[in-house]
Amino acid sequence: MIGHIILRLTMWFLLTANFTPANIMIGVAIAFLLPRNFASSETLGDWLKVIIKVFMAIPQAYKEAFEIIFRPHKEEEIIFERISGKRSPRLAFWDIFLITFTPKTIVTEYKENEGYEVHVIKRSSQG
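An unreviewed UniProt entry lists the protein under the name Cation:proton antiporter, with Microcystis aeruginosa PCC 9443 as the source organism.

See the structure below:
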């Protein structure tokens, strides 16, 4: 339960970027009032993989941002990233967040238990 509250507060502060006492109280109230799903199919291994991906995505996002700034990316493509097994809504959220976090990709559609449709920009194949 504490983990859910911390996760919800973290997302609240990431969304609002406001640490005033009033906003903190609103965030705590929302964290407690949102409904909970007590049946969790996630394992510790699933969460460890997500945490590792988060730490790997940060330098990747900076790298991609500099690539876009210094080299034009004029080609685009829609790819389908398959997922293995059933993903809980929380893990699906983090998958979509990580894909969209990097500047060259954005999820355009999530097909439950199948995968993600992802829009990708690429460098021109001619240069």
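A side chain of one charge can pair with a side chain of the opposite charge when the charged atoms of the two come close. The final tally for this structure, using the stated rule, is 3 salt bridges. Taking the shortest distance from any N to any O, the salt bridge between Glu67 and Lys63 comes out at 3.0 Å. Remark: Lys63 and Glu67 occur in helix α3 (residues 44-70); sequence separation between them is 4 residues, near one turn of the helix. Classification of Glu67 by relative accessible area gives buried; the value is 15%. A salt bridge links Lys104 to Glu67, with the nearest nitrogen and oxygen atoms 2.4 Å apart. Taken together, the residues Lys104 in the loop between α4 (89-101) and β2 (105-111) and Glu67 in helix α3 connect sequence positions 37 residues apart. A single burial state applies to Lys104 and to Glu67, both of which are buried. The network of salt bridges with common partners includes Lys63, Glu67 and Lys104.

A sheet is described by the order of its strands in space; here 3 strands give the open sequence β1-β3-β2, paired in antiparallel fashion. Strands at the two margins of the open sheet, each flanked by one partner only, are β1 (75-82) and β2. Adjacent strand axes in the sheet meet at a mean angle of 25°, parallel and antiparallel pairs treated alike. Against the sheet, α4 touches β1, β2 and β3 (115-122), its axis set at about 150° to β2.

Further remarks concern the nonpolar core. In terms of nonpolar packing, the biggest core is built from 7 residues, these being Ile83, Ala92, Ile99, Val107, Tyr116, Val118 and Val120. Among the secondary structure elements, those contributing two or more residues to this core are α4 and β3. Top contributing element to this core by residue count: β3, with 3 residues. Here Val118 is in contact with Glu77, Ile78, Ile79, Glu81, Ile99, Thr105, Ile106, Val107 and Thr108, once residues within four sequence places are set aside.

Here is what the cut-offs are and how they apply
- Residues numbered from 1 in each chain as written.
- Predicted model: local features only at pLDDT ≥ 70, side-chain atom pairs only at ≥ 80, totals over all residues.
- Heavy atoms only, no water.
- Salt bridge = Lys/Arg side-chain N within 4 Å of Asp/Glu carboxyl O.
- Helix = DSSP H or I, 4+ residues; strand = E, 2+ residues; numbered from the N terminus.
- Buried < 20%, exposed > 50% of the residue type's maximum accessible area, 1.4 Å probe, protein only.
- Pairing = 2+ DSSP bridges.
- Axes fitted to C-alpha atoms, helices over the stretch in contact; angles between N-to-C directions.
- Contact = heavy atoms within 4.5 Å.
- Core = buried A, V, L, I, M, F, W, Y, C linked by side-chain atoms within 4.5 Å.

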